[in-house]
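Chains, contacts and geometry: an overview
Listed below, chain by chain, are the residues.
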Amino acid sequence: MVKICCIGAGYVGGPTMAVIALKCPAVEVVVVDISVARITAWNSEQLPIYEPGLDDVVKQCRGRNLFFSTDIEKHIARADIIFVSVNTPTKTRGLGAGKAADLTYWENAARMIADVAKADKIVVEKSTVPVKTAEAIEKILIHNSRGVNFQILSNPEFLAEGTAIKDLFNPDRVLIGGRETPEGKKAVQALKQVYANWVPEDRIITTNLWSAELSKLAANAFLAQRISSVNAISALCEATGADVAEVAYAIGKDTRVGPRFLSASVGFGGSCFQKDILNLVYICECHGLPEVANYWKDVIKINDYQKSRFVNRVVSSMFNTVSEKKIAVLGFAFKKDTGDTRETPAIDVCKGLLGDKAKVCIYDPQVTEEQIQRDLALNKFDWDHPVHLQPMSATEVKPVAVTRDAYEATKGAHGVCILTEWDEFKKLDYVRIYESMQKPAFMFDGRNVVDPQKMREIGFIVYSIGKPL
Ligand code: NAD
Ligand code: UGA
């Protein structure tokens, strides 16, 4: 029986390994983590992450060929293939702070592998890492090994949150990069065989290590660039009376462009787009390519502009001040169908409104109050550095109010901001909401969830991204 160990039981490690276990009954999969709380949750009825379909997959194989454990050393020692899926945050201090990837967690994992390995191992980069990380990892492993051979593979993950299980069941492609030596090729084949249990062979791409590492950064940069492109056009739509949904539809009908990933929004969020582009920018700068670095930097600049443009629109529409006004925020997660708030645009929008002294009241169907309060209290990039994450004390001043109901959040509010495209926000009773609000009642739709015409008929003053005012 092939034995797999995955270091890191997060948004990637957990679902990815659960699907491998489900699709490969002959493989034993153990997911390990330094976080006792996370492993306890993976072994409980309340999984640590919300992802449609995940509960079902875990229930089918947990205890059969899928295990979650904190005994990292034991399971590394036993495994043939070790996936490393730890966090790779943006550095917050020192060389490259604010841009470069912090590989501390990765390096710790590699040193642990070198320490405990007594037989040959295939080590797979699952985390998103800078190009040439495999070379660094190889150095750590080889210089610390006691006669053990290591093959490093790059196997970046392309799943999106909210659709992780669907993406893993039916991936557009699986990418495996390895050394072009006989041992390297053998390792690539071994990993390919695992995926071939359910992924058609023509969707399993094999490349050299550096192409695989760079493809992941480039793929995220391309996706984010599409959103910044449509968001840039949304500003022009508002200035000219064009409708961004109509423009995006017309552009997307060109088969060379395609219709997906062209929804204008308050900005992209999530743990990876910004982090990975900053990482790409840093690598370009290190290689003396400032023009290329600046090109990608602008994708982030437009995203920041879109978020501040939204806040400015709220404040300027409401007679240039929101001081002491109740603003209801519907949605805090970075996209629908996830409870994840990492780099969610809602953080910047709420901080902007709080900066103008608004009384912000938030409702999200999946995000806890503790998470929201903590996110609003943290400094940029600290969310991905566990050392900075202290539980909030009971006496700490909470910057915002959080409700478990959209009607409570909007009651008595002067304005409503929709910041996540949850399906339930389409079905709310907006007449009831309008009647409970202060007048004039403002609606700022950052996700184009509601029909602005219908909202105007109810009586709202409406602003939707990229739509005629
Ligand atoms: P995460 O923070 O949810 O999970 C990482 C886990 O690694 C944490 O639970 C942490 O405790 C654990 N960890 C850190 N150091 C460890 C060590 N030395 N030993 C054992 N466990 C350790 O992060 P994530 O969202 O799963 O992302 C992981 C990687 O995958 C990142 O590089 C990210 O860029 C990449 N990625 C993420 C997504 C996504 O949708 N979230 C998609 C594709 C790629
Ligand atoms: C993204 C990529 O889609 C995955 O392929 C990749 O594996 C992952 O990053 C990663 O490396 O972490 P994810 O961030 O989970 O996945 O979610 P997306 O669906 O890409 O959405 C990212 C952000 O862009 C969200 O805030 C979303 O609301 C926003 N978005 C997306 C738009 O504003 N408009 C769109 O048309 C699409």
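Residues numbered from 1 in each chain as written. Chains lettered and ligands numbered in written order. Predicted model: local features only at pLDDT ≥ 70, side-chain atom pairs only at ≥ 80, totals over all residues. Heavy atoms only, no water.

In this section: the domain arrangement of the protein. When cut into domains, the protein gives domain 1 (2-199) and domain 2 (220-464). Once you take the C-alpha centre of each, domain 1 and domain 2 turn out to be 32 Å apart. In this assembly, 24 residues from domain 1 lie in contact with 25 residues from domain 2. Counting each side, the surface lost to burial between domain 1 and domain 2 is near 2,000 Å², with a carbon and sulfur contribution of 53%. Together, Tyr50, Lys99 and Glu161 form the three largest contributors to the area buried by domain 1 at its contact with domain 2, with a combined 31%. At the boundary of domain 1 with domain 2, the tally comes to two salt bridges. (Domains from an automatic or database assignment. Contact = heavy atoms within 4.5 Å. Buried area = accessible area lost by both parts, 1.4 Å probe. Salt bridge = Lys/Arg side-chain N within 4 Å of Asp/Glu carboxyl O.)

This brings us to the site of ligand 2. For ligand 2, the set of nearby residues contains 20 residues, the closest of which are Phe158, Leu159, Ser265, Cys272 and Arg447. In this structure, Phe158 approaches ligand 2 through a main-chain N or O atom, which is 2.7 Å from an oxygen atom. The separation between an oxygen atom of ligand 2 and a polar main-chain atom of Phe334 is 2.8 Å. No other element matches helix H9 (residues 209-240), which puts four residues into the shell around ligand 2. The class makeup of the residues in the shell around ligand 2 is eleven nonpolar, four polar and five charged. Both domains that furnish three or more residues to the shell around ligand 2 are identified here as domain 1 (2-199) and domain 2 (220-464). (Near = heavy atom within 4 Å. Polar contact = N/O pair within 3.5 Å; in protein donor to acceptor, adjacent residues only side chain to side chain. Helix = DSSP H or I, 4+ residues; strand = E, 2+ residues; numbered from the N terminus. Nonpolar A, V, L, I, M, F, W, Y, C, P; charged D, E, K, R; others polar.)

A word on helix H3 (residues 54-61). Taken as a whole, H3 has its buried residues at Leu54, Val57, Val58 and Cys61. The buried residues of H3 occupy an angular sector of 95 degrees when the element is viewed end-on, so they sit on one face. In this structure, the buried side of H3 is in contact with helix H1 (13-23), helix H2 (36-42), strand E3 (66-69) and helix H7 (164-169). Backbone geometry just downstream of H3 places Gly63 in the positive-phi region, at approximately 85 degrees. (Buried < 20%, exposed > 50% of the residue type's maximum accessible area, 1.4 Å probe, protein only. Arc of directions from axis to C-beta.)

Attention now goes to the UniProt feature "active site" (unreviewed entry) in the protein. Under the UniProt annotation, the feature "active site" (unreviewed entry) is placed at Cys272. Residue Cys272 is classed as partly exposed on the basis of its relative accessible area of 27%. Ignoring anything within four residues of it in the chain, the contact list for Cys272 reads Asn220 and Ile277. (UniProt positions renumbered as here; feature names shortened; annotations may be inferred.)

Now for the side chain of Asn303. By the secondary structure assignment, Asn303 is in helix H12 (residues 290-317). When sequence neighbours within four positions are dropped, the list of residues in contact with Asn303 reads Ser228, Gly267 and Phe268.

Time to look at H12. Taking 1.5 Å as the rise per residue, H12 with 28 residues should run 40 Å; its terminal C-alpha atoms sit 39 Å apart, in good agreement. Listed as buried for H12 are Ala293, Trp296, Val299, Ile300, Asn303, Gln306, Lys307, Arg309, Phe310, Val311, Val314 and Val315. As for H12, its buried residues are in contact with H9, helix H11 (273-286), helix H13 (345-355), strand E12 (415-418), strand E13 (442-445) and strand E14 (461-464). (Expected span 1.5 Å × (residues − 1).)

Burial within strand E9 (residues 326-330) is extensive, with four of its five residues counted as buried. Pairing of E9 with strand E10 (residues 359-363), which is carried by five bridges, proceeds in the parallel orientation. For Leu330, the partnering residue across the bridge sits in E10 and is Tyr363. One crossover worth recording links E9 to the parallel E10 by way of H13, and it is right-handed. (Pairing = 2+ DSSP bridges. Right-handed = clockwise from strand over helix to strand, strands pointing away.)

By size, the foremost hydrophobic cluster in this structure holds 59 residues, and its most contacted members are Phe310, Tyr430 and Phe460. The greatest single-element share of this core, amounting to five residues, is contributed by H13. Beyond its immediate chain neighbours, meaning those up to four positions away, Phe310 contacts Val266, Val349, Cys417, Leu419, Phe444, Asp445, Gly446, Tyr463 and Ile465. Ranked by size, the runner-up nonpolar core spans 43 residues in total, among them Val29, Val57, Leu168 and Ile204. (Core = buried A, V, L, I, M, F, W, Y, C linked by side-chain atoms within 4.5 Å.)

What follows covers the packing of aromatic side chains. Following the criterion strictly, the structure yields twelve aromatic pairs and no others. For the ring pair Phe222 and Trp296, a centre distance of 5.9 Å and an interplane angle of 35 degrees mean the geometry is tilted. Linking Phe222 in helix H9 with Trp296 in helix H12, this pair joins segments that are 74 residues apart in sequence. With a relative accessible area of 52%, Phe222 lands in the exposed category. If you follow Lys439 out to its NZ or CZ, it ends over the ring of Tyr434, 4.7 Å from the centre. (Phe/Tyr/Trp six-rings, centres within 6.5 Å; stacked < 30°, edge-to-face > 60°. Lys NZ or Arg CZ within 6 Å of the ring centre and 35° of its normal.)

This paragraph deals with the sheet that holds E12. Either a parallel or an antiparallel arrangement is found when strands of a sheet pair, and the pairing is made through backbone hydrogen bonds. Overall, parallel pairing links the six strands, which are arranged E11-E10-E9-E12-E13-E14 in an open sheet. Pairing within the sheet leaves two strands with one partner each, and these edge strands are strand E11 (401-403) and E14. For this sheet the average axis-to-axis angle between neighbouring strands, irrespective of direction, equals 20 degrees. Across four bridges, E9 lies against E12 in parallel orientation. (Axes fitted to C-alpha atoms, helices over the stretch in contact; angles between N-to-C directions.)

Another point: the packing of helix H5 (residues 104-116) against helix H6 (residues 133-144). At a closest axis distance of 9 Å, the pairing of H5 and H6 adopts a crossing angle of 25 degrees. Considered as vectors, H5 and H6 are oriented roughly parallel to each other. Read as a crossing pair, H5 and H6 show a hand that is right-handed. Listed contacts from H6 to Trp106, Glu107, Ala110, Arg111, Ile113 and Ala114 of H5 are Ile137, Ile140, Leu141 and Asn144. Across the contact of H5 with H6, the residue classes tally to seven nonpolar, one polar and two charged. (Parallel < 35°, antiparallel > 145°, perpendicular 65-115°, else oblique. Left-handed = near helix turned anticlockwise from the far one by under 90°.)

Near ligand 1, the surroundings consist of 24 residues, among which Asp33, Arg38, Thr88, Glu161 and Lys275 are the closest. The separation between a nitrogen atom of ligand 1 and a polar main-chain atom of Ile34 is 3.4 Å. The side chain of Lys275 places a nitrogen or oxygen atom 2.6 Å from an oxygen atom of ligand 1. Its residues assigned to classes, the shell around ligand 1 comprises nine nonpolar, eight polar and seven charged. In terms of domain composition, the shell around ligand 1 takes at least three residues from each of domain 1 (2-199) and domain 2 (220-464).

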